[in-house]
Amino acid sequence: MRYYSTRNKDKKAVTFERAALTGLAPDGGLFVPEVMPEYPSAVKSSLPVMNRHDIAFETIKPFVHGEIPDAALGDILQDAFNFDAPLARVKDRYVLELFHGPTAAFKDFGARFMARTFSYFRRGEDKPLHILVATSGDTGGAVADGFFGVAGISVTVLYPKGRVSPLQERQIAGLGGNISAFAVEGTFDDCQRLVKAAFADEGLNKRMLLSSANSINIARLVPQTAYYAVGAARALRETGTAVTFCVPSGNFGNLTAGMYAREMGAPIWRFIAATNINKTVPDYLESGVYAPRTSTPTISNAMDVGAPSNFERMNAHWSLKRLLETLTGVFISDETTRETIKRVHDRYGYILDPHTAVGWAAVDALQSDGAAIEGVPVGVLATAHPAKFAEIVEPLIGAVPVPPALQTVMERNVIATTIPADISAFIDSL
Ligand SMILES: *Cc1c(COP(=O)(O)O)cnc(C)c1O
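These figures come from a predicted structure and were not determined experimentally.

If you tally the helices and strands in the protein, you get 19 helices and 14 strands. Whereas a compact globule of 430 residues would reach a radius of gyration of roughly 22 Å, the protein reaches 21 Å, a difference of no more than 12%. Considering the protein as a whole, with its 430 residues, one finds that 58% of them fall into the buried category. Taking the intrachain contacts of the protein between residues at least 6 apart in sequence as the baseline, contacts between residues at least 24 apart amount to 75%. Element-wise, carbon and sulfur atoms account for 51% of the exposed surface of the protein, whose accessible area totals about 17000 Å². Averaging the coordinates of the 41 positive side-chain charges in the protein and doing the same for the 45 negative ones gives two points 3 Å apart.

Turning our eyes to something else, we now look at the site of the ligand. Inspection of the region around the ligand gives 15 residues, with Lys 107, Gly 250, Asn 251, Phe 252 and Thr 383 positioned closest. Take Asp 138: an N or O atom from its side chain is 3.0 Å from an oxygen atom of the ligand. Class assignment of the residues belonging to the shell around the ligand gives a composition of six nonpolar, seven polar and two charged.

Of all hydrophobic cores here, the largest spans 98 residues; its most connected members are Tyr 3, Phe 16, Phe 118, Phe 147 and Tyr 228. For this core, the element with the highest residue contribution is helix 10 (residues 218-239), accounting for twelve residues. With residues near it in sequence (within four places) discarded, Tyr 228 still touches Phe 245, Val 247, Asn 254, Leu 255, Ala 257, Gly 258, Ala 261, Ile 268, Phe 271 and Leu 381. Of all hydrophobic cores here, the second largest spans 33 residues; its members include Val 90, Cys 246, Ala 274 and Ala 357.

Turning next to the packing of aromatic side chains. Scanning all chains against the criterion turns up 17 aromatic pairs. Residue placement shows Arg 89 over the ring face of Tyr 94; its charged tip is 4.9 Å from the ring centre. We note Arg 93 situated over the ring of Trp 360; from NZ or CZ to the ring centre the distance is 4.1 Å.

Okay, the packing of helix 15 (residues 334-348) against helix 16 (residues 354-368) next. Where helix 15 meets helix 16, the closest approach of the two axes is 9 Å, and the angle between their N-to-C directions is 85°. Classified by the interaxial angle, the pair formed by helix 15 and helix 16 is roughly perpendicular. For the pair helix 15 and helix 16, contact is made by Thr 336, Thr 337, Thr 340, Ile 341, Arg 343, Val 344 and Tyr 348 and by Pro 354, Ala 357, Val 358, Trp 360, Ala 361 and Asp 364, respectively. Across the contact of helix 15 with helix 16, the residue classes tally to eight nonpolar, three polar and two charged.

Bringing empty space enclosed by the protein into the picture now. A full pass over the atoms with the stated rule returns three cavities of 30 Å³ or more. Its volume calculated, the largest cavity comes out at about 100 Å³. Surrounding the largest cavity, Arg 52, His 53, Ala 56, Phe 81, Phe 83, Asp 84, Ala 85, Phe 109, Ala 226, Tyr 227 and Val 230 form its lining. Secondary-structure elements contributing two or more residues to the lining of the largest cavity are helix 3 (52-60) and helix 10.

Our next topic: the sheet that holds strand 13 (residues 378-382). Backbone hydrogen bonds hold the strands of a sheet together, and the pairing may be parallel or antiparallel. Spatial strand order, 4-5-13-10-11-12: six strands in an open sheet with mixed pairing. The outermost strands of the open sheet, each flanked by one partner alone, are strand 4 (87-90) and strand 12 (327-331). Across the sheet, the axes of successive neighbouring strands diverge by a mean angle of 25°, strand direction being ignored. Note: strand 10 (residues 243-248) against strand 13, three bridges, orientation parallel. The residue of strand 13 that forms the bridge with Cys 246 is Val 380. Its contacts with the sheet put helix 11 (residues 253-264) on strand 10, strand 11 (268-275), strand 12 and strand 13, and the angle it makes with strand 11 is roughly 175°. The strands touched by helix 12 (residues 280-287) within the sheet are strand 11 and strand 12, with strand 12 carrying the most contacts at an inclination of about 125°.

Read from one edge to the other, the open sheet built from five strands follows the order 9-6-7-8-14, with strand pairing classed as parallel. Pairing within the sheet leaves two strands with one partner each, and these edge strands are strand 9 (209-212) and strand 14 (417-420). Strand-to-strand twist across the sheet, computed as the mean angle between neighbouring axes with direction ignored, equals 30°. Each of strand 7 (153-160) and strand 8 (179-185) is contacted by helix 7 (residues 166-173), which is oriented at about 155° to strand 7, the strand it contacts most.

What follows concerns the packing of helix 6 (residues 138-147) against helix 7. Running from N to C, helix 6 and helix 7 cross one another at 35°; their axes reach a closest spacing of 7 Å. The two elements helix 6 and helix 7 cross, and the hand of that crossing is left-handed. In this structure, helix 6 contributes Asp 138, Gly 140, Gly 141 and Ala 144 to the contact, and helix 7 contributes Gln 168, Gln 171 and Ile 172. Residue composition of the contact of helix 6 with helix 7, by class: two nonpolar, four polar and one charged.

On to the environment of Arg 52. Here Arg 52 is to be found in helix 3. Residue classification places Arg 52 among the partly exposed residues on the basis of a relative accessible area of 25%. Excluding residues that lie within four positions of it along the chain, Arg 52 makes contacts with Phe 81, Phe 83, Asp 84, Val 230 and Arg 234. Only 3.3 Å separates the side chain of Arg 52 from the backbone oxygen of Phe 81, close enough to count as a polar contact.

Each value, and the rule that gives it
- Residues numbered from 1 in each chain as written.
- Predicted model: local features only at pLDDT ≥ 70, side-chain atom pairs only at ≥ 80, totals over all residues.
- Heavy atoms only, no water.
- Helix = DSSP H or I, 4+ residues; strand = E, 2+ residues; numbered from the N terminus.
- Rg over C-alpha atoms; globule rule 2.2 N^0.38 Å.
- Buried < 20%, exposed > 50% of the residue type's maximum accessible area, 1.4 Å probe, protein only.
- Contact = heavy atoms within 4.5 Å.
- Areas by Shrake-Rupley, 256 points an atom, 1.4 Å probe, with all protein chains shown as cover.
- Lys, Arg positive; Asp, Glu negative; His and termini not counted.
- Charge placed at Lys NZ, Arg CZ, Asp CG, Glu CD.
- Near = heavy atom within 4 Å.
- Polar contact = N/O pair within 3.5 Å; in protein donor to acceptor, adjacent residues only side chain to side chain.
- Nonpolar A, V, L, I, M, F, W, Y, C, P; charged D, E, K, R; others polar.
- Core = buried A, V, L, I, M, F, W, Y, C linked by side-chain atoms within 4.5 Å.
- Phe/Tyr/Trp six-rings, centres within 6.5 Å; stacked < 30°, edge-to-face > 60°.
- Lys NZ or Arg CZ within 6 Å of the ring centre and 35° of its normal.
- Axes fitted to C-alpha atoms, helices over the stretch in contact; angles between N-to-C directions.
- Parallel < 35°, antiparallel > 145°, perpendicular 65-115°, else oblique.
- 1 Å grid on protein atoms, 1.4 Å probe; cavity = no way out; pocket = protein on both sides within 12 Å on 5 of 7 lines; lining within 4 Å.
- Points joined across faces, edges and corners; volume = space filled by probe spheres on them.
- Pairing = 2+ DSSP bridges.
- Left-handed = near helix turned anticlockwise from the far one by under 90°.

Structure representation (structure tokens):
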């Protein structure tokens with residue numbers, strides 16, 4: 001498979017390796033596959049009877065075809081996806097639980113796959129690859145954990161000092177080894193500015209082989225297609241029909257991956273794009289006008305995005321008319337999100353994290369509208385474990401059980417270098 005930039009008018013395509021190791025295209029665009037792959041018909045018809053590893057393999061294979069041989073891809077996937085994405089039944093709907101990985105959020109799928117493919121591409125090379133990543137909290141933890149101990153790669157994570165939760169700080173700065181953490185005296189935007197400046201610094205680029213791991217990287221998006229196919233195949237097995245997935249969205253990488261899985265032929269009927277008050281995409285679907293804006297803070301803060309970076313990918317693939325055929329946008333207030341967490345716990349004994357609750361509430365809103373989802377199976381993507389957001393969830397419903405993956409994190413010591421939000425201070429300390 002070859003990839004081209006969303007801004008590249010002459011469509012000069014690059015390999016998956018090049019697209020993955022570059023991250024952002026040189027013209028500032030995002031890499032997208034040259035053609036949308038489709039399952040061979042024999043694979044498509046046997047999805048409901050295949051196990052999750054085989055489904056993941058068949059889903060990801062065309063995206064890396066010709067570059068990662070089958071045996072190596074099989075090993076990468078076994079190692080990266082060493083936890084399940086179960087489809088839980090709650091009341092009249094399904095919840096696709098994506099929080100059973102080491103950092104208890106769906107970003108583990110992308111980060112773990114990316115770490116292992118980068119390591120594969122760098123096999124036999126002497127010069128280590130150096131990943132720089134700026135985080136507001138969640139991404140840094142997943143990337144640090146995903147790359148921890150991976151041969152030939154070191155990672156530097158920049159996070160805004162005092163602005164991430166104690167748990168997030170330990171996920172980012174508690175590992176040591178090949179993971180270094182910088183606590184920047186500034187905001188997330190400062191962290192991003194420093195990383196951008198480092199990529200542009202000639203001296204540093206001579207000294208180090210740099211790469212990025214931010215959320216626009218195609219190597220984080222591709223592995224996410226797999227759990228949609230696994231979840232849809234399981235739903236089909238149980239209900240005999242295609243599922244509608246509701247995706248709590250911020251940068252819209254997750255939803256774009258779902259659209260890829262559907263285009264490939266996974267048994268998915270439609271999507272619901274659920275956002276918090278940062279409703280740029282629902283507004284676009286309603287008005288046809290795309291108006292990015294600055295973000296507003298909410299209790300589902302991993303979705304506080306006013307200018308979703310993956311919109312550029314969606315726009316490159318699908319016209320507004322095509323999007324409206326498969327996608328419904330809904331936005332949900334913090335008040336409704338809180339009310340939903342409480343109600344779902346009280347009635348069904350199931351604990352939603354604030355992001356998943358936005359998804360659940362979006363389905364409620366469409367059902368009470370008498371919309372076309374009545375009577376069809378609906379699956380809400382659970383993007384994080386509620387224990388990650390205990391400070392919001394516990395005042396509503398009481399104590400939240402902590403999953404094993406998070407239990408030991410708080411025992412880690414934070415080992416971070418504090419730096420001012422200053423470009424030369426950062427570059428000198430690399
Ligand atoms: C990152 C994240 C999201 C948003 O995903 P996008 O791919 O950016 O749309 C939703 N929920 C949680 C818990 C996240 O960490």
